[in-house]
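Analysis of the macromolecular model
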Amino acid sequence: MDREAFQERFGLIGESAALKQVIDKVVQVADTDITVLLQGESGVGKDVTAKAIHEISNRKHNDLVIVNCGAIPEGIIESELFGHEKGSFTGAHEAREGYFEKANGGTIFLDEIGDTPANVQVKLLRVLESGEYFRVGSSKLRTTDVRVIAATNKDLWQLVQEESFREDLFYRLDTVKVKLPPLRDRPDDVIPIFRKFVTEFSAKYDSVFKGFSDEAKELLVSYRWPGNVRELRNVAEQLVVLEKSQFIDTDKLQKYLKGRQHSGATDNLPVLADQNERNKNGAFGNDDQKLIYRALVELQSDIGDLKKMLANFLYSTFSQKNIKALPQNIQDEVNKPENSGMDIDIGNAAEEDIGVESYAEADISEEETEDDAFSEFFTSDDIPSIEKTEQFLIEQALRKYEGNRRKASEALGISERTLYRKLDQYGLQ
Ligand SMILES: Nc1ncnc2c1ncn2[C@@H]1O[C@H](COP(=O)(O)OP(=O)(O)O)[C@@H](O)[C@H]1O
Ligand SMILES: [Mg+2]
């Protein structure tokens, strides 16, 4: 299959050299059994690419099993992946096959592989190397024949440096790496992809799209797209529905370019700043408006967190069968690929339910070194305010993890993004 045919078949639009390179590589390796690691920010097209690889591989007549390693609570991920025997833990009323068994003969797509807990990484390495694994609670060695596609929005090598990802597993996965560049690095692709979405949504909503002013088009291309193609798709859908039959100028467009907060950003507005300069009477002209705008963005991201939390909760407490009984829109949320990363820890309840040990064993020896600071803070006569306590805990966590924000946020049980926000709020470095 050549590149054009591939793009046509899977609806992957784009003319940029970067995308062409990606597709050429994917086409080259698709019909082998080689492990492929897809790397790229959220929304760049990792899922579509993984599905496409399976679809043109020799395994297409067997299952493609998609596993979001970041969304499954730590306590049950091993049994989800490898299955379990009846009675192997409280609540294991019957034996169940795991995803690796289900994918036998087909492909397994391990999404958000960088979020796999350490104890499972060892087992993954084994099954990737030899196809061998054990069900939880069984000593019978089983084998499976799967093709592995993995994806991550993190820099796995960085995780290896931070010792949260095994080096041997890294090398095992790193055979063929396909880097999907963020949309902002391939501005040539923006308009063609946008056109495709507008055409699709116009048909779906029976709506007419009147087109853009030149400046609006320019803004669309120069915008940072932190949510990449997924965000572009949302913007297209909103424009088609909410600006039906309207000619789109920069003012109209700006309402939809919210600059969703992304990892590392402490300010949601940098992208729009340039445009504001050019657009003195624009929507974000003064500080008050910026403040309101910022509050709205935060509210939006909090709602996002809540949805994610609910999705994770349903995922962890309901069996797949029960999830299928939920209303379709809730199911969609639960199955959304971006409901990953498990940056809100709600898994404990589910772990206790099935009697699996929690892995949250504190490292006592390390914690003792922080004892002084803690006793000093808490033994004074005054009760510290919640804000002060929060600030203190954040400082301690950052100190303990030597400024590593990912680890600190994990320890605090908040998302990395929330941590960034709090650092900003308290003016901490
Ligand atoms: N090049 C592209 N052309 C058209 N649509 C794309 C392209 N890349 C991604 N998409 C669409 O963008 C959305 C997000 O892609 P997805 O594969 O879920 O991203 P990821 O898994 O990297 O977060 C999907 O709706 C997908 O179909
Ligand atoms: Mg994805």
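The protein chain appears in an unreviewed UniProt entry as Sigma-54-dependent Fis family transcriptional regulator from Fodinibius halophilus.

1. Some words on the site of ligand 1
Near ligand 1 lie 17 residues; those nearest to it are Ile13, Gly43, Lys46, Asp47 and Arg230. Contact distances for ligand 1 include 2.9 Å between a nitrogen atom and a backbone N or O atom of Ile13. In this structure, an oxygen atom belonging to ligand 1 sits 2.9 Å away from a side-chain N or O atom of Arg230. The fraction of the free accessible surface of ligand 1 (560 Å²) that becomes covered by protein chains is 88%. There are two domains that each give the shell around ligand 1 at least three residues, and those are domain 1 (3–182) and domain 2 (184–269).

2. Remarks on the side chain of Thr418
Relative to the elements of secondary structure, Thr418 occurs in helix 22 (residues 416–426). Look at Thr418 and you get buried, because its relative accessible area is 11%. Looking at Thr418, its side chain comes within polar contact range of the side chain of Ser415, at 2.7 Å.

3. A word on the packing of helix 1 (residues 3–10) against helix 2 (residues 17–30)
The N-to-C vectors of helix 1 and helix 2 enclose an angle of 95°; their axes lie 10 Å apart at closest approach. Classified by the angle between their axes, helix 1 and helix 2 sit roughly perpendicular to one another. Contact residues: helix 1 offers Arg3, Phe6 and Gln7, while helix 2 offers Leu19, Lys20, Ile23, Asp24, Val26 and Val27. The class makeup of the residues in the contact of helix 1 with helix 2 is 5 nonpolar, 1 polar and 3 charged.

4. As for the nonpolar core
In this structure, Leu81, Phe100, Ile108, Leu110, Ile113, Leu124 and Phe165 are the most contacted members of the largest nonpolar core, which totals 31 residues. Of all the secondary-structure elements, those providing two or more residues to this core are strand 2 (64–68), helix 4 (74–82), helix 5 (99–102), strand 3 (107–111), helix 6 (118–130), strand 6 (147–152), helix 7 (156–161) and helix 8 (167–173). In terms of residue count, helix 6 provides more of this core than any other element does, 5 residues in total. Once residues within four sequence positions are removed from consideration, Ile108 is found in contact with Val65, Val67, Tyr99, Phe100, Ala103, Val146, Arg147, Val148 and Ile149. Counting 24 residues, the second-largest nonpolar core is a separate cluster that includes Ile193, Trp225, Ala236 and Leu257.

5. Observations concerning the pairing of strand 3
Extensive coverage of strand 3 is indicated by the burial of 5 of its 5 residues. Burial along strand 3 is two-sided: the residues Thr107, Phe109 and Asp111 and Ile108 and Leu110 are all buried. Relative to strand 3, strand 2 runs parallel, the two sharing 5 bridges. Paired with Val67 across the strands is Leu110, a residue of strand 3. Here strand 3 runs beside strand 6; their pairing, made up of 4 bridges, is parallel.

Parameters and conventions
- Residues numbered from 1 in each chain as written.
- Chains lettered and ligands numbered in written order.
- Predicted model: local features only at pLDDT ≥ 70, side-chain atom pairs only at ≥ 80, totals over all residues.
- Heavy atoms only, no water.
- Near = heavy atom within 4 Å.
- Polar contact = N/O pair within 3.5 Å; in protein donor to acceptor, adjacent residues only side chain to side chain.
- Areas by Shrake-Rupley, 256 points an atom, 1.4 Å probe, with all protein chains shown as cover.
- Domains from an automatic or database assignment.
- Helix = DSSP H or I, 4+ residues; strand = E, 2+ residues; numbered from the N terminus.
- Buried < 20%, exposed > 50% of the residue type's maximum accessible area, 1.4 Å probe, protein only.
- Axes fitted to C-alpha atoms, helices over the stretch in contact; angles between N-to-C directions.
- Parallel < 35°, antiparallel > 145°, perpendicular 65-115°, else oblique.
- Contact = heavy atoms within 4.5 Å.
- Nonpolar A, V, L, I, M, F, W, Y, C, P; charged D, E, K, R; others polar.
- Core = buried A, V, L, I, M, F, W, Y, C linked by side-chain atoms within 4.5 Å.
- Pairing = 2+ DSSP bridges.

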